[in-house]
Amino acid sequence: QIVAQKVASNMSERRKRRIDLSDAVPKKNKQDINPWTNAPYTERYYSILEKRLKLPVYQFKEKLLEAVDQNQIVVVEGETGSG
């Protein structure tokens, strides 16, 4: 519960801070294969991925995954549009 509260607190403190994720979008490579379909990723996949990386909540991805890994229950609260 404490970890979830810290994550929520960090989100509210940092939500107005913008980060540059332009370098975070993977470069398109014909050799990139989707492990679920064994087919190359599509242009649509990269388009959606680029938008997903720009969502405000993305900057907390690692902390959220850590909280889920270390706790049985994690409550995540975010404003509409936060991702």
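This text follows the structure it describes.
A. Quick look at the pattern of salt bridges. The final tally for this structure, using the stated rule, is one salt bridge. For Lys54, the salt bridge goes to Glu50, with nearest N and O atoms at 3.7 Å.

B. Unusual backbone geometry, seen in detail. Backbone geometry at Asn38 places phi at a positive 60°, although glycine is not the residue there. Take Asn38: it is sitting in the loop between helix H1 (2-14) and helix H2 (43-53). In this structure Asn38 comes out as exposed when scored by relative accessible area, which is 64%.

C. Highlighting H2. Among the residues of H2, those classed as buried are Tyr46, Leu49 and Leu53. End-on view of H2: buried residues confined to an arc of 60°, all on one side of the axis. Seen from the buried face of H2, the exposed residues on the opposite side, beyond 90 degrees, are Glu43, Arg44 and Lys51.

D. Looking closely at the packing of aromatic side chains. All told, the structure shown has three aromatic pairs when counted by the stated rule. Ring plane angle 20° and centroid distance 4.1 Å describe the contact between Tyr41 and Tyr45, whose orientation is recorded as stacked. Relative accessible area serves as the criterion here: at 29%, Tyr45 is assigned to the partly exposed category. Taken together, the aromatic side chains of Tyr41, Tyr45 and Tyr46 make up a single cluster linked through ring pairs.

Reading the values: the criteria
- Residues numbered from 1 in each chain as written.
- Predicted model: local features only at pLDDT ≥ 70, side-chain atom pairs only at ≥ 80, totals over all residues.
- Heavy atoms only, no water.
- Salt bridge = Lys/Arg side-chain N within 4 Å of Asp/Glu carboxyl O.
- Helix = DSSP H or I, 4+ residues; strand = E, 2+ residues; numbered from the N terminus.
- Buried < 20%, exposed > 50% of the residue type's maximum accessible area, 1.4 Å probe, protein only.
- Arc of directions from axis to C-beta.
- Phe/Tyr/Trp six-rings, centres within 6.5 Å; stacked < 30°, edge-to-face > 60°.

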